[in-house]
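# Observations on chain architecture
What follows is each chain in one-letter form.
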Amino acid sequence: MFDSSFDVIVVGAGHAGCEAAAAAANLGSKTLLVTMNLQNVAQMSCNPAMGGIAKGQIVREIDALGGYSGIVSDRSAIQYKMLNQSKGPAMWSPRVQSDRNLFTLEWRSLLEKTSNLDFYQDMVVDLIVDKDQVIGVVTSLGLKIFSKTVVLTNGTFLNGLIHIGEKNFGGGRAGEKASTGLTAALQELGFTVGRMKTGTPPRVDGRSLDFSKMEEQPGDIKPSKFSFTELTKPLEKQRSCYITHTNEEVHDLLRTGFDRSPMFNGSIQSTGPRYCPSIEDKINRFSDKSQHQIFVEPEGWDTVEVYVNGFSTSLPDDIQYKALKQVRGFEQVKFFRPGYAIEYDYFPPTQLFHSLETKRIQNLFFAGQINGTTGYEEAGAQGIMAGINAHLKCQDKTPFILGREEAYIGVLIDDLILKGTEEPYRMFTSRAEYRTLLRQDNADQRLTPKAYELGLASEERMRAVEKKEELSNALVSFLKKTSYDLKEANNLLQDKEDVAVRQIDKFAKLLSRPNIKREDLLRFQNVTAFLEEKNMDDVILEQAEIEIKYAGYIEKEKRTADKLKRLENIKIPQAFDYDRLASLSHEAKEKLNKIQPTTLAQASRISGINPSDISVLLVSMGR
């Protein structure tokens with residue numbers, strides 16, 4: 001089986017590994033996916049959900065690029081919600097509650113139907129390197145498998161250590177052993193390594209809960225979906241989630257276990273996720289809060305297992321149980337398993353190029369939690385980019401890199417490479433300076449043309465995007481040119497308790513009012529007639545609404561992005577000697593030498609680099 005060399009070997013079959021393997025194989029590279037357990041492909045190690053604030057945009061971007069996360073999320077969803085709809089469209093973020101087991105089955109099914117993709121179950125313990133270039137991997141069985149490129153997506157498995165109170169044991173996640181050997185091999189090659197920590201809450205028996213004491217959280221009345229393709233359909237039925245809260249009695253009980261908590265007794269010294277703290281961390285840091293929200297999330301269609309979101313903990317299991325029994329609705333709770341924390345190795349991502357290839361070893365790529373990120377979505381995004389670039393490297397082609405103005409994926413990777421991270425990195429809309437351009441609704445228009453050029457998107461998908469743009473532009477033009485009936489408009493405004501209009505004007509002007517929504521236009525016969533004639537659905541109407549309502553913001557961001565591109569076009573020569581520039585600060589020289597940016601725009605985004613430093617670089621390059 002391994003007599004001939006592969007183009008791409010992907011190590012690890014989590015969310016990053018699956019997207020990397022699918023992308024490389026679909027582009028035509030002979031690909032091997034090596035994982036320690038083929039039964040746990042794309043396992044949802046933590047919460048059974050995909051998407052959320054900014055993360056939903058990433059899933060849609062992966063789908064627009066030809067990845068599988070959106071399709072799998074739709075096919076395994078048990079609930080769909082569009083978050084932040086009370087805010088502007090830049091903040092709208094889709095999220096699904098998933099069937100954990102179905103999610104894994106759907107991913108494996110798609111991968112097994114992917115041409116050019118082989119599978120092998122074993123642990124990779126070493127790399128084969130020749131003259132600073134990776135040429136293969138070594139497994140725990142002693143097999144040497146050769147390839148042109150290698151993508152490492154090891155998740156939380158590298159020297160993983162699980163903590164429950166004063167107990168700790170090796171593991172990559174509950175019930176699975178840690179991956180050993182690879183960290184030492186990478187260190188020998190000169191890579192810097194660090195440790196991070198994440199955690200997970202207890203899983204409980206839903207039959208032991210009293211949901212009548214909790215606040216029900218149903219899905220959207222008219223659910224949408226993640227994938228832009230016709231391969232999935234919106235949900236026709238959904239399962240509800242529920243909300244309850246901790247209380248002072250819960251907090252007091254949790255505090256009794258602090259002396260045995262690895263968080264507080266020194267057993268865990270690595271950094272955990274700032275924006276997803278454990279329950280003991282929350283009550284310690286926010287001692288003035290008398291309660292914290294708990295989201296009660298079903299694990300699937302046909303299981304009673306429930307995920308207790310918001311109660312992540314590594315406290316002793318007896319303390320977890322006693323405290324959770326004091327939560328409203330959990331009085332008779334039965335555990336399936338306690339919560340735990342896990343420490344694992346990661347490699348600071350400043351050691352990578354924007355292609356996710358390592359600077360130290362050619363043809364070696366890192367993606368996912370090995371780079372210090374947290375979340376399935378962030379991992380999948382890095383995976384698809386690493387898979388694409390590993391394929392391109394085999395073809396001696398230019399790397400595929402997305403800019404900050406093009407995608408949240410571009411923001412994610414740019415942040416990691418230029419700023420690094422000392423805590424698990426999580427994406428937020430606030431991290432993107434062009435978030436009005438990077439909306440979830442237009443991810444296909446932004447990225448599918450690029451995927452089509454690469455060969456990841458089909459002709460059919462490309463034509464669908466062109467059709468969507470054509471219809472959207474036609475509707476915007478119609479609304480800007482067509483006048484409303486004065487009486488009908490004032491009837492609508494009266495119902496909305498809005499100021500009446502005194503003269504006839506265009507529909508676009510009416511839609512620009514904050515109180516007027518796209519569905520309100522359906523009261524006008526000439527609008528509905530135009531929509532029916534052109535066979536336009538709500539997706540097109542939504543696009544037109546955003547383009548009209550937020551035209552000023554969109555145009556402003558486009559102008560700012562165009563200015564940034566001027567600096568992106570100024571390349572910094574390879575192996576540029578920063579030390580010879582006396583006017584550069586010592587900090588600037590140190591960071592520029594370490595990160596080795598390829599453009600002036602990248603240099604300007606490095607923490608500690610000032611505008612004056614950029615001016616010095618401009619002058620030195622004759623600008």
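Going by the structure above, here's the rest.
Let us look at the structure shown here. Just so it is clear, the model here is predicted, and its values are computed rather than measured.

### Examining the pattern of salt bridges
Inspection of the entire model under this criterion finds 40 salt bridges. With its nearest N and O atoms 2.6 Å apart, the salt bridge here joins Glu112 to Arg108. One end of the pair is Glu112 and the other is Arg108, both in helix H4 (residues 100-112) and four residues apart, which spans about a single turn. In this structure, Arg518 engages Asp538 in a salt bridge whose closest nitrogen and oxygen atoms are separated by 3.0 Å. Here Asp538 lies in helix H16 (residues 538-549) and Arg518 lies in the loop between helix H14 (507-511) and helix H15 (525-533), a separation of 20 residues in the sequence. Taken together, the shared-partner salt bridges connect Arg404, Asp414, Asp415, Lys419, Glu433, Glu568 and Arg605 into one network.

### A few points about the packing of aromatic side chains
Counted under the stated rule, the structure contains 14 aromatic pairs. Here Tyr68 and Trp107 contribute two aromatic rings whose centre-to-centre distance is 5.8 Å and whose plane-to-plane angle is 55 degrees, an arrangement assigned as tilted. Of the two residues, Tyr68 is situated in the loop between helix H2 (55-64) and helix H3 (69-75) and Trp107 in helix H4; the sequence distance between them amounts to 39 residues. Residue Trp107 is classed as buried on the basis of its relative accessible area, which comes to 0%. With 5.0 Å between their ring centres and 80 degrees between their planes, Phe507 and Phe524 make a pair best called edge-to-face. Pair noted here: Phe507 is in helix H14 and Phe524 is in the loop between H14 and H15, with a separation of 17 residues, a long-range link. Considered together, Phe507 and Phe524 belong to a single accessibility category, that of buried residues. Each member of the aromatic cluster is reached from another via a ring pair, and the members are Phe2, Phe6 and Tyr120. Between Lys30 and the ring centre of Phe6, over which it is positioned, the NZ or CZ distance is 4.9 Å. Directly above the ring of Tyr425 sits Arg431, whose terminal nitrogen or CZ lies 4.2 Å from the centroid.

### What to know about the pairing of strand E15 (residues 241-245)
With respect to burial, E15 is a largely interior element, four of its five residues being buried. Two elements, strand E14 (residues 215-217) and E15, share three bridges in a ladder whose sense is antiparallel. In the strand pairing of E15, Glu215 is matched with Ile243. The pairing of E15 with strand E16 (residues 293-298) spans four bridges and is classified as antiparallel. Bridged to Tyr242 within E16 is Val296.

### Regarding the packing of H2 against helix H11 (residues 443-454)
Here H2 crosses H11 at 35 degrees, and the two axes come no closer than 8 Å. In terms of crossing hand, the pair formed by H2 and H11 is right-handed. Taken together, the residues of H11 that come into contact with H2 (itself represented by Arg60, Glu61 and Ala64) are Ala443, Asp444, Arg446, Leu447, Thr448 and Ala451. Its residues assigned to classes, the contact of H2 with H11 comprises four nonpolar, one polar and four charged.

### Comments concerning the side chain of Ser355
Tracing the backbone shows Ser355 in the loop between strand E19 (340-346) and strand E20 (364-366). Here Ser355 falls in the buried class, since its relative accessible area comes to 5%. From its side chain, Ser355 meets the backbone nitrogen of Glu357 in a polar contact 3.3 Å long. Not counting the four nearest positions on each side in its chain, Ser355 is found in contact with Phe365, Met385, Asn389, Pro399 and Ile401.

### Here's the deal with helix H13 (residues 486-495)
Those residues of H13 lying buried are Ala489, Leu492 and Leu493. Projection of H13 onto a plane perpendicular to its axis shows the buried side chains occupying an angular sector of 95 degrees, all on one side. Away from its buried face, by an angle of more than 90 degrees, H13 presents the exposed residues Lys487, Gln494 and Asp495. In this structure, the buried residues of H13 make contact with H14. Directly beyond the C-terminal end of H13, a positive phi value near 55 degrees is found at Glu497.

Thresholds applied
- Residues numbered from 1 in each chain as written.
- Predicted model: local features only at pLDDT ≥ 70, side-chain atom pairs only at ≥ 80, totals over all residues.
- Heavy atoms only, no water.
- Salt bridge = Lys/Arg side-chain N within 4 Å of Asp/Glu carboxyl O.
- Helix = DSSP H or I, 4+ residues; strand = E, 2+ residues; numbered from the N terminus.
- Phe/Tyr/Trp six-rings, centres within 6.5 Å; stacked < 30°, edge-to-face > 60°.
- Buried < 20%, exposed > 50% of the residue type's maximum accessible area, 1.4 Å probe, protein only.
- Lys NZ or Arg CZ within 6 Å of the ring centre and 35° of its normal.
- Pairing = 2+ DSSP bridges.
- Axes fitted to C-alpha atoms, helices over the stretch in contact; angles between N-to-C directions.
- Left-handed = near helix turned anticlockwise from the far one by under 90°.
- Contact = heavy atoms within 4.5 Å.
- Nonpolar A, V, L, I, M, F, W, Y, C, P; charged D, E, K, R; others polar.
- Polar contact = N/O pair within 3.5 Å; in protein donor to acceptor, adjacent residues only side chain to side chain.
- Arc of directions from axis to C-beta.

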